[in-house]
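Single-letter residue listing:
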Amino acid sequence: MSSVDVRSVTKAWGETRAVDDVSFSVGKGELVVLLGPSGCGKSTMLRMIAGLDEPTTGMIAIEGRDVGGLTGSARGVAMVFQSYALFPHLTVADNITFGLSVRGTSRQEIAERLKRTAALLDLQKLLSRKPAQLSGGQQQRVALGRALIAEAPVCLLDEPLSNLDAQLRQELRREIRALQQRLGITMIYVTHDQTEAMSMADRVILMRGGRIEQNGRPAELYERPASLFAARFIGGTPMNLLELDDAPQGAIIAGTAGPALFTGQGRGRVLGLRPEDVSVDSANARASLHATVTAVEYLGAEALVTCSLNCNLGARPIQARTRGDGAPPIGARVGLSWEAGATHLFNGTSGERLDIGAATHAPELHKVTT
Ligand code: ADP
Ligand code: MG
């Protein structure tokens, strides 16, 4: 049985549909990330699961039970908000146990749970401090503690790390993930940060304009983006996206003299290539797609090489990743190539992913592996 079931849920505010006919399930002990740009409906979706808002239409079930009309604690969910605002006049201990106290939990029960939660989050030594005496990361752990002490089977987090600096974020996302796995918590985690999503999630649900764009394991989103939107959103360095055109011998990159990439229609389609899949050949040997290096970003172990394709439609940039010590100099004329399997193809109008049969690839452009 799945832990959370969202079935055809829509939330309308007047004319706008913040969430538009969304369905997904979350398995027991699974960490699912709702990912997408600001305004795509992530918080609205989470608030409906938490019972803070009710769907306009559709149904939400938790542990197989329709939870419409129930409060968060009756649903068995706890939530950590983006603006987690601790009570400044209360100690860490009182901040963490506040929810239990107002619900009338016995003192002994509260003390036991506080001990467990504090140990889990390494907050034992900070229990008598006030929030102002804590670092950002410590405050974040208190906010997390406030949700975890409820020992609810489902934990919801809305951009919990967005106020923290990069290094702390990285540390805390490892801690949250480890904790979630150790305790077997079902977690729905909202973020607009694709790195956070990809590094933490069992499954990522990518949202756009209130709808689900793609729902899959991080590797599925990376290796087979379902649309141009997913291709652009996922990946540390954006995927190269190049419009195609028709030529007698097949599809070519628009504005170039070829070569043909595959037989069949090019116009109206977009070719996608991840920078790490593009090989830069300074000797110009085998590759037949010519370009000029315009920028090199040295990153240590690797370098990001920006090239400009020889193209009569103005500069068409294409980026490649090379070894840090293997980047050609700016101005170098190079040949580009890639493995046939590295190409992604999309409908330029609808954005949807298309499949190219492997057999239709023109072999001359692709890297010769020996
Ligand atoms: P996200 O969390 O992905 O940034 P939200 O769920 O907060 O997005 O918002 C989705 C859309 O719904 C936005 O266009 C936002 O302006 C709108 N919205 C959210 N809450 C309300 C509300 N209480 N009243 C009216 N519109 C709202
Ligand atoms: Mg939000």
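Residues numbered from 1 in each chain as written. Chains lettered and ligands numbered in written order. Predicted model: local features only at pLDDT ≥ 70, side-chain atom pairs only at ≥ 80, totals over all residues. Heavy atoms only, no water.

Draft legend 1. Expanded view of the sheet that holds strand β4 (residues 57-62). The strand order across the open sheet formed by four strands is β2-β1-β4-β5, and the pairing between neighbours is antiparallel. A strand with exactly one partner marks an edge of an open sheet, and here the two such strands are β2 (16-27) and β5 (65-66). Of the strands in this sheet, β1 (2-13), β2 and β4 are in contact with helix α1 (residues 42-50), which crosses β1 at around 120°. (Pairing = 2+ DSSP bridges. Helix = DSSP H or I, 4+ residues; strand = E, 2+ residues; numbered from the N terminus. Contact = heavy atoms within 4.5 Å. Axes fitted to C-alpha atoms, helices over the stretch in contact; angles between N-to-C directions.)

Draft legend 2. Geometry of the pattern of salt bridges. Following the criterion strictly, the structure yields 17 salt bridges and no others. Residue R113 pairs with E109 through a salt bridge whose shortest N-O separation is 2.9 Å. Linking R113 with E109, this pair stays in helix α4 (residues 107-120), spanning four residues, or about one helical turn. A relative accessible area of 14% places R113 in the buried class. (Salt bridge = Lys/Arg side-chain N within 4 Å of Asp/Glu carboxyl O. Buried < 20%, exposed > 50% of the residue type's maximum accessible area, 1.4 Å probe, protein only.)

Draft legend 3. Expanded view of the packing of helix α3 (residues 92-102) against helix α5 (residues 136-148). For the pair α3 and α5, interaxial distance at closest approach is 7 Å and the crossing angle is 30°. By the criterion of interaxial angle, the relationship of α3 to α5 is roughly parallel. In this structure, the crossing between α3 and α5 has a hand that is right-handed. Residues V92, N95 and I96 of α3 form the contact with α5, whose participating residues are V142, G145 and R146. In terms of residue class, the contact of α3 with α5 is built from three nonpolar, two polar and one charged. (Parallel < 35°, antiparallel > 145°, perpendicular 65-115°, else oblique. Left-handed = near helix turned anticlockwise from the far one by under 90°. Nonpolar A, V, L, I, M, F, W, Y, C, P; charged D, E, K, R; others polar.)

Draft legend 4. Region of interest: unusual backbone geometry. Despite not being glycine, D21 shows a phi value in the positive range, around 55°. With respect to the helices, strands and loops of the structure, D21 is situated in strand β2. Residue classification places D21 among the partly exposed residues on the basis of a relative accessible area of 44%. Even without glycine at this site, D122 takes up a positive phi of about 60°. In this structure, D122 sits in the loop between α4 and α5.

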